[in-house]
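Chain by chain, the residues:
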Amino acid sequence: TLLWVLNAAGYKKSLAYVVTGFLFTILFILLRLVGAVPQLIAMYWAPPWRDSVMEEAQPGGIHWLAWLFSQSLILPHVMNLFWGAKVVEGAFN
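Residues numbered from 1 in each chain as written. Predicted model: local features only at pLDDT ≥ 70, side-chain atom pairs only at ≥ 80, totals over all residues. Heavy atoms only, no water.

Engineer: How should I be thinking about the overall build of the chain in this particular structure?
Structural biologist: Regarding its fold elements, the chain presents 6 helices and 0 strands. Secondary structure elements in the chain, listed N-terminal to C-terminal, are α-α-α-α-α-α. By the compact-globule yardstick of 12 Å for 93 residues, the chain is too spread out, its C-alpha radius of gyration being 20 Å. Structurally, the chain occupies a C-alpha span of about 60 × 20 × 15 Å along its principal axes. With 93 residues in all, the chain has 18% of them scored as buried. Counting every atom, the chain has about 7400 Å² of accessible surface; 73% of that belongs to carbon and sulfur. A distance of 26 Å separates the average location of the 5 positive side-chain charges in the chain from that of its 4 negative side-chain charges. (Helix = DSSP H or I, 4+ residues; strand = E, 2+ residues; numbered from the N terminus. Rg over C-alpha atoms; globule rule 2.2 N^0.38 Å. Buried < 20%, exposed > 50% of the residue type's maximum accessible area, 1.4 Å probe, protein only. Areas by Shrake-Rupley, 256 points an atom, 1.4 Å probe, with all protein chains shown as cover. Lys, Arg positive; Asp, Glu negative; His and termini not counted. Charge placed at Lys NZ, Arg CZ, Asp CG, Glu CD.)

See below:
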């Protein structure tokens, strides 16, 4: 990324480095954290691991591993929250 190139070139104190870091932080928060809110709300109101939702998706039942696979929908949000905290922490350093 441009941020890494500027850091490797020794321009960590330059305006370009600061602007690039600021843009990265803002875009990460908007796209990864705020952008996930509609999906999290939808998963709250109609969790894919609920039996009624699975029955609607496949009448007669879904393979029992579908419950496990639907749990993996949460993992990317947890990872984005973790990295989002790191990005915001790095922005204030």
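Engineer: Explain the packing of aromatic side chains here, please?
Structural biologist: What describes a pair of aromatic rings is the distance from one ring centre to the other and the angle between the planes of the rings. Applying the stated criterion across every chain, the model contains 3 aromatic pairs. Taking the centre distance of 5.1 Å and the plane angle of 85° together, the rings of Tyr44 and Trp45 count as edge-to-face. We classify Tyr44 as exposed; its relative accessible area is 61%. (Phe/Tyr/Trp six-rings, centres within 6.5 Å; stacked < 30°, edge-to-face > 60°.)

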